[in-house]
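Understanding the architecture of this molecule
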Amino acid sequence: MSDPTAFILANTRLQLVPHAPEISLWLADEVTPIWRLTEEELGEMGLPPPFWAFAWAGGQGLARWLLDNPAEVAGKRVLDLAAGSGLVGIAAMQAGAVSALCADIDPFCAAAVALNAAVNGVTLGFTDADLLDAPPPEVEVICAGDVFYEQPMAGRVLAWLTAAAARGTRVLVGDPLRTYFPREGFDLLAEYAVPTTRELEDDAVKRTRVWTLASSG
C-alpha cells in the first residue's frame, strides 16, 4: 500500500454523519467500488468490506448516545474497539473524554482515523494490535459498535467484553440487532431509528440499540 491517506482522500468525500451531524467523516458512497479498490491497493482478493469507509448503524447509534450523555465519558479514558472510521472515538472526545484509543486491524484504519480526527478537531490514539488476544486495557469505558456481525468474532468479542465488565469497566455496545448479538447480560440504554443506506443494510433506516454489559456478564 503506497499512501493510504491519499487513497482515502481520492476515493471518499467528506460527509455529515446522518444520526450524529455534529461529526463529519471521509466516507464512500458505494460499497462495491471502494471494496474493489482496496483489494487492488493491497494486492489481495477476498478481503473483508472496508468498514472504515462507512458510518454503520451501530456506531451511529452509540455516537449519538455519547453525545447526548456526555457524563458517561467526560474526564475518562475510552477505548473504541473495532473503530473503523473512528466515529465513536470522535464522539467520545467531543463529549469530554480525556483520551480515546481507536483499535482496528484494518490496514487503512490508521489513516482514516487520523483524517477524521483532524477534520473534527480532536486527538485520537490508534493501535492496529488485535486487542482480543490480550486482557482488556486499563480504561474506564470500552465502546463497541457493530461487532456482532459474524461468528466466531462475536464469541471472542463477548468473552473479552465480559472480562472487562467483570473488573468494573463500563462496556457500551451499539448494535442494530445483528444476527449474533447476544442479548442476555445486556441492559438497554436507548433505541434509535438510524438513517443508513441500502448499499449497506437491508433497510434505509435501521432500528439500532445502545446497551451496557452488566458487570455479572
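Everything that follows concerns the structure shown earlier in this document.
Below, the structure is looked at part by part. Quick caveat: nothing in here was measured; it's all calculated off a predicted structure.

A word on the packing of aromatic side chains
- Summed over all chains, the structure comprises 10 aromatic pairs.
- Arranged with centres 6.4 Å apart and planes meeting at 85 degrees, the rings of Phe148 and Phe186 form a pair that is edge-to-face. Of this pair, Phe148 sits in the loop between strand E6 (141-145) and helix H6 (153-166) while Phe186 is found in strand E8 (residues 186-195), placing the two residues 38 residues apart along the sequence.
- Given a relative accessible area of 0%, Phe148 falls into the buried group.

Some points on the packing of helix H3 (residues 57-68) against helix H4 (residues 87-94)
- Between H3 and H4, whose axes approach to 8 Å, the crossing angle comes to 5 degrees. As far as their axial angle goes, H4 and H3 are roughly parallel. The residues of H4 that touch H3, namely those facing Gly59, Gln60, Leu62, Ala63, Leu66 and Leu67, are Leu87, Val88, Ala91, Ala92 and Gln94.
- Residues belonging to the contact of H3 with H4 are distributed by class as follows: eight nonpolar, three polar and no charged.

Definitions and limits used
Residues numbered from 1 in each chain as written. Predicted model: local features only at pLDDT ≥ 70, side-chain atom pairs only at ≥ 80, totals over all residues. Heavy atoms only, no water. Phe/Tyr/Trp six-rings, centres within 6.5 Å; stacked < 30°, edge-to-face > 60°. Helix = DSSP H or I, 4+ residues; strand = E, 2+ residues; numbered from the N terminus. Buried < 20%, exposed > 50% of the residue type's maximum accessible area, 1.4 Å probe, protein only. Axes fitted to C-alpha atoms, helices over the stretch in contact; angles between N-to-C directions. Parallel < 35°, antiparallel > 145°, perpendicular 65-115°, else oblique. Contact = heavy atoms within 4.5 Å. Nonpolar A, V, L, I, M, F, W, Y, C, P; charged D, E, K, R; others polar.

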